[in-house]
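Now for the letters of each chain:
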Amino acid sequence: MTAVEFTDVNKWYDNGLHALRDINLSVNTGETVVICGPSGSGKSTLIRTVNALEPIDTGQIAIAGTPVQMMDRRSLRRRVGMVFQSFNLFTHFKVLDNLTLAAEHVAGLDQAAAEARAMQLLDRVGLADQAQKYPGQLSGGQQQRVAIARTLMLDPDVLLFDEPTSALDPEMIAEVLSLMEDLAREGRTMLCVTHEMGFARNVADQIVFMAHGSVIEKAPPAAFFDNPQTMLAQAFLSKII
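- An unreviewed UniProt entry lists the chain under the name Amino acid ABC transporter ATP-binding protein, from Paralimibaculum aggregatum.
- Within the UniProt record for the chain, the comment given under Sequence similarities (unreviewed entry) is "Belongs to the ABC transporter superfamily."
- Per UniProt, the comment on the chain under Subcellular location (unreviewed entry) is "Cell membrane".

Now the structure itself:
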């Protein structure tokens, strides 16, 4: 079953930049897709269109067959969760409250049910003992794990990760990637923008390589890393591996 479908998607910015060019891409349910490419290639813009943080100009994006443009904001947030580079936690709320807020206001859970689910997920990411702390009291890796737990609160159909480790110190990257690997093994549908090529090779079902706003290659990891088909992909890999 197709979880996310991009059909002839184009996006321009106000300065005339053609950020996404005729994107046609399918992501199957349960698939982990890693989107990579040089800076400015449109990777983050692409995944931000899935939950309408970036509007598109032409084409269509559908979640399990339903066009994103036809969904109200609340429905879209329930079906598509996103983990950001900079955590985006509410610094004036405790960790527990960061998780329960969306569950109460978007999903309509009562406080007790929301807190029970939040504690279950904090335990899942190894942070149950940090529930009463503020985000600023946690390490970057811990904050990102809280952000992932918060995203799971609504049990979304699709998880988006936009460079989730790029703001972390090297020793903190492994704990976040390990959690993402666990989610992939559980069969979560995931679209991940990342420069972590070890994660991409070991965990992804498909690699999408972008350049100049276009999808240049899509292939399983072994084929992409061992035998890239375009000079652009070959040049990109020669710089990062």
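### Re the overall build of the chain
Here's step 1: Counting its regular elements, the chain contains nine helices and 10 strands.
Here's step 2: Dimensions of the chain along its principal axes, counting C-alpha atoms only, are 55 × 40 × 35 Å.
Here's step 3: Taken over 241 residues, the chain has a buried fraction of 50%.
Here's step 4: In the chain, the proportion of contacts linking residues at least 24 apart, taken out of those at least 6 apart, comes to 66%.
Here's step 5: Element-wise, carbon and sulfur atoms account for 49% of the exposed surface of the chain, whose accessible area totals about 10900 Å².
Here's step 6: Charged side chains in the chain number 20 positive and 28 negative. The centres of these two groups are separated by 2 Å.

### Some thoughts on the pattern of salt bridges
Here's step 1: Counted according to the given criterion, the structure contains eight salt bridges.
Here's step 2: For Asp 155, the salt bridge goes to Arg 188, with nearest N and O atoms at 3.0 Å. A residue pair is termed long-range when its members are at least 10 positions apart, and Asp 155 in the loop between α5 (140–152) and β7 (158–162) and Arg 188 in the loop between α6 (170–185) and β8 (189–193) qualify at 33 residues.
Here's step 3: Overall, Asp 155 belongs to the partly exposed group, its relative accessible area being 44%.
Here's step 4: Across the pair Arg 185 and Asp 182 runs a salt bridge, and its minimum N-O distance is 2.4 Å.

The rules behind the values
- Residues numbered from 1 in each chain as written.
- Predicted model: local features only at pLDDT ≥ 70, side-chain atom pairs only at ≥ 80, totals over all residues.
- Heavy atoms only, no water.
- UniProt positions renumbered as here; feature names shortened; annotations may be inferred.
- Helix = DSSP H or I, 4+ residues; strand = E, 2+ residues; numbered from the N terminus.
- Buried < 20%, exposed > 50% of the residue type's maximum accessible area, 1.4 Å probe, protein only.
- Contact = heavy atoms within 4.5 Å.
- Areas by Shrake-Rupley, 256 points an atom, 1.4 Å probe, with all protein chains shown as cover.
- Lys, Arg positive; Asp, Glu negative; His and termini not counted.
- Charge placed at Lys NZ, Arg CZ, Asp CG, Glu CD.
- Salt bridge = Lys/Arg side-chain N within 4 Å of Asp/Glu carboxyl O.

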